[in-house]
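# Tertiary structure, described
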Amino acid sequence: MKSVALFTDEIDDLDIAIDELVSQFGDFKLEAHSAGLLFAHSDTDLEELAGRLQEEFGVPIVGTTAVAMFTMEGFKNEGISLHIFTSGDCVFHTGCTNELTAANARAEITALYNRLTAGVDDEDVKLVLAYGNPTLDMMGEDFVDTLDELCHGVPIYGGLASDSFVMDECRIVCDKRVMNHSLALMVVTGRAQEVIQYGFNVESTLDYEGIVTEVQGNMVMKLDDMPLAEAIAKAGISINADVNVCDYVSTPFRIRYRTEDGSEIELMRQLAFVDKETGGGLFLGKVPLGANVQIGIISKEDIHDSVEKVAIRALAEVKEKRDYDFSTLIITSCASRLMSYANDIELEAQGYVHMIPEGMSMSGFYSFGEICPSRAAGGSREKNTFHNTTFTMLVM
């Protein structure tokens, strides 16, 4: 596999944007099988862009809106990123669901995956790239858990669409289609290898620790039999009745719970809003009944350290695999980290830019939820998991 990463910060004049992308593509040669991964700012005319990209490059494309992006040069606040993969011995099977609801999501995702892998042996599936936008009454786990069952634990990597924190301008792109609530997949089969690493550094916590004693879907109703609103207010968090995830980005929730096989897993969860009438809180991911909860305090130093550690681990693992030529790097990082950096957002990119090996192309985006395998203490295998407030890296 080889790849080329194209980027333009022009989102208003698509004639200029396309010209810049085509110029960067230059004389790059496509092999037998190719596909593109798109990240674009939500203010972009996606319908026109999707059609123009198909006309110019002639490869299947999946992608999502992005509040901000990672490039070879570092952080970009807005723009259009197109990462084209090509190979003679890997195949990229792409597609997306129809518009999703909580009621039809499982059936739609199952139909899509079965269609993309029809005629493919299970052992030939090496990696699934997944980019989605669920409705507010769905969870990221609705995507990840269903896919994990379908692909029998093959690594899944990707994230949820993001926008300028208004939560209603997220879109999914698949070839010429632009969807509101959908899941787009790129199933990679053939001779492919991957290295995936993730990390979060939340060293400081508020003086509060509790157990989840009542949940309703992705609403946590009670901690230690106390309404969540009351519990976090006692911990010193001010509550806004509106849906505004920005209010809680600096205080992510660190949760620990036991999986069905008895292993313990630790993840970050982001609070989206608190319902003052019921006292419950909506999270951007599942918080299981019985989970141990701590309220973290995120800092710039924590974020920078987690990026550097992830990049060091990933690239060290790449060096150990001498029998495969890795060419492509993709990053997904939580948009809450973007907000936490404020005016110093370049610091996150400084944690990885100087480490990218010569000849390797990269792209990435800030998401409203990250998807990658996680390691559970005592578990028999890594499990594909939905994350919040996490920095992830894929090398393939």
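Please read all numbers here as calculations on a predicted model, not as lab measurements. (Residues numbered from 1 in each chain as written. Predicted model: local features only at pLDDT ≥ 70, side-chain atom pairs only at ≥ 80, totals over all residues. Heavy atoms only, no water.)

### Observations concerning the sheet that holds strand E9 (residues 156-160)
One open sheet accounts for six strands, arranged E7-E12-E8-E9-E24-E25; its pairing is mixed. On the outer flanks of this sheet lie strand E7 (90-96) and strand E25 (383-387), each paired with one strand and no other. Between one strand axis and the next, the sheet turns by 20° as a mean value, whatever way the strands run. Across seven bridges, E7 lies against strand E12 (residues 183-190) in antiparallel orientation. (Pairing = 2+ DSSP bridges. Helix = DSSP H or I, 4+ residues; strand = E, 2+ residues; numbered from the N terminus. Axes fitted to C-alpha atoms, helices over the stretch in contact; angles between N-to-C directions.)

### Let's talk about unusual backbone geometry
The backbone of His152 shows a phi angle near 55°, a positive value even though the residue is not glycine. By secondary structure assignment, the location of His152 is in the loop between helix H4 (140-150) and E9. Since its relative accessible area comes to 58%, His152 is described here as exposed. Positive phi, normally seen in glycine, also occurs at Phe165, with a value near 60°. Mapped onto the elements, Phe165 comes out in the loop between E9 and strand E10 (172-174). (Buried < 20%, exposed > 50% of the residue type's maximum accessible area, 1.4 Å probe, protein only.)

### Considerations on the packing of helix H1 (residues 14-25) against helix H2 (residues 46-57)
Between H1 and H2, the least distance of the axes is 11 Å, while the angle of their chain directions is 35°. Between H1 and H2 the crossing geometry is right-handed. Where H1 approaches H2, its residues Leu14, Asp15, Ile18, Leu21, Val22 and Phe25 are matched on the opposing element by Glu48, Leu49, Arg52, Leu53, Glu56 and Phe57. Among the residues making up the contact of H1 with H2, the classes are represented as eight nonpolar, no polar and four charged. (Left-handed = near helix turned anticlockwise from the far one by under 90°. Contact = heavy atoms within 4.5 Å. Nonpolar A, V, L, I, M, F, W, Y, C, P; charged D, E, K, R; others polar.)

### Side note on the sheet that holds strand E2 (residues 33-40)
Taken in spatial order, the six strands make up an open sheet running E1-E6-E2-E3-E10-E11, and their pairing is mixed. Looking along the sheet, the strands with just one partner apiece sit at the ends: strand E1 (2-8) and strand E11 (177-179). If you compare each strand with its neighbour and ignore which way they point, the axes differ by 15° on average. Packing against the sheet, H1 makes contact with E1 and strand E6 (80-87), and its axis sits at approximately 150° to E1.

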